[in-house]
Amino acid sequence: MVLFLVLLQYFSTVPQELEQAERVARRAFPSATRIERVVSDLKPPEQEMLQTRLRLASVPDTLVVLCVYDNNAVLGYAVAANVKGKDQPITFCVVVDEALHIKDMDILAYREPYGGEVRHASWLKQFFGKSPEDQLRAGREIRNITGATISVRSVTQGVNTLLAILRALSPHLPHTPEAAR
């Protein structure tokens, strides 16, 4: 089984954050047998589609991907990224199954003096089961936190972005063949 960890520009390649992201992936998929780093490319049409859909100024063209295997069957994918909090980046990781439904999520590094409640498991769990088809909005599908409004909005938008990027990459990612399921 294969699990991908896509790291955006936004994507972090800081060794400690990669190690933390691997721990989140292993927590979601405890049967993982090995993890490998791979580089994945978004083609210009995919970048433009994502920029338009997500109203982003730019989307990176090259992503570092950590592949997590349980033998040769795909377990799912994970994505780690930085989003801008009020003044500092918030580094988080999202782990999805092969159908791109969120299985786990964690804040890897929170650097702001306020709003750290977004790290609480009870807040993060509301993302579980969500997929790229769900348009997540702070204050609607995702609960706001008093004193953490910017962090809530940033993480929520970051999750939307990562799910959209995973959907765009999905045709290029390994999948378990139907015969092996």
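Please refer to the structure higher up on the page.
Here is what the cut-offs are and how they apply
- Residues numbered from 1 in each chain as written.
- Predicted model: local features only at pLDDT ≥ 70, side-chain atom pairs only at ≥ 80, totals over all residues.
- Heavy atoms only, no water.
- Helix = DSSP H or I, 4+ residues; strand = E, 2+ residues; numbered from the N terminus.
- Buried < 20%, exposed > 50% of the residue type's maximum accessible area, 1.4 Å probe, protein only.
- Contact = heavy atoms within 4.5 Å.
- Areas by Shrake-Rupley, 256 points an atom, 1.4 Å probe, with all protein chains shown as cover.
- Pairing = 2+ DSSP bridges.
- Phe/Tyr/Trp six-rings, centres within 6.5 Å; stacked < 30°, edge-to-face > 60°.

Caption draft 1: The arrangement of the overall build of the protein chain in detail. A count of helices and strands for the protein chain gives four helices and six strands. Going from the N terminus to the C terminus, the protein chain shows its helices and strands as β-α-β-α-β-β-β-β-α-α. Here the protein chain holds 181 residues, and 52% of them are scored as buried. At a minimum sequence separation of 6, the contacts of the protein chain that also span at least 24 residues come to 66%. By element, 50% of the accessible surface of the protein chain is carried by carbon and sulfur atoms, the whole surface being about 8800 Å².

Caption draft 2: Representation of the pairing of strand S5 (residues 89–97). For S5, the tally of buried residues reaches seven of nine residues, placing the bulk of the element in the interior. Pairing between S5 and strand S6 (residues 102–110): seven bridges, direction antiparallel. Bridge assignment links Cys93 to a residue of S6, and that residue is Asp106. Two successive antiparallel strands, S5 and S6, enclose a turn made up of four residues, where Leu100 displays a positive phi of approximately 70 degrees.

Caption draft 3: The pairing of strand S4 (residues 76–84), seen in detail. Most of S4 is tucked away, with eight of its nine residues classed as buried. Here nine bridges tie S4 to S5, and the two strands are oriented antiparallel to one another. Among the inter-strand pairings, Val83 is bridged to a residue of S5, identified as Ile90. Two successive antiparallel strands, S4 and S5, enclose a turn made up of four residues.

Caption draft 4: Structural view of the packing of aromatic side chains. Overall, the coordinates contain one aromatic pair when judged by the stated rule. Summarising the aromatic geometry, the rings of Trp123 and Phe127 are spaced 5.2 Å apart at their centres and angled 75 degrees between planes, so their arrangement reads as edge-to-face. Here Phe127 falls in the buried class, since its relative accessible area comes to 0%.

Caption draft 5: Broad picture of the side chain of Ser154. Within the secondary structure layout, Ser154 lies in helix H4 (residues 149–169). Classification of Ser154 by relative accessible area gives buried; the value is 14%. Among residues more than four places away in sequence, those in contact with Ser154 are Val83, Lys84 and Gly85.

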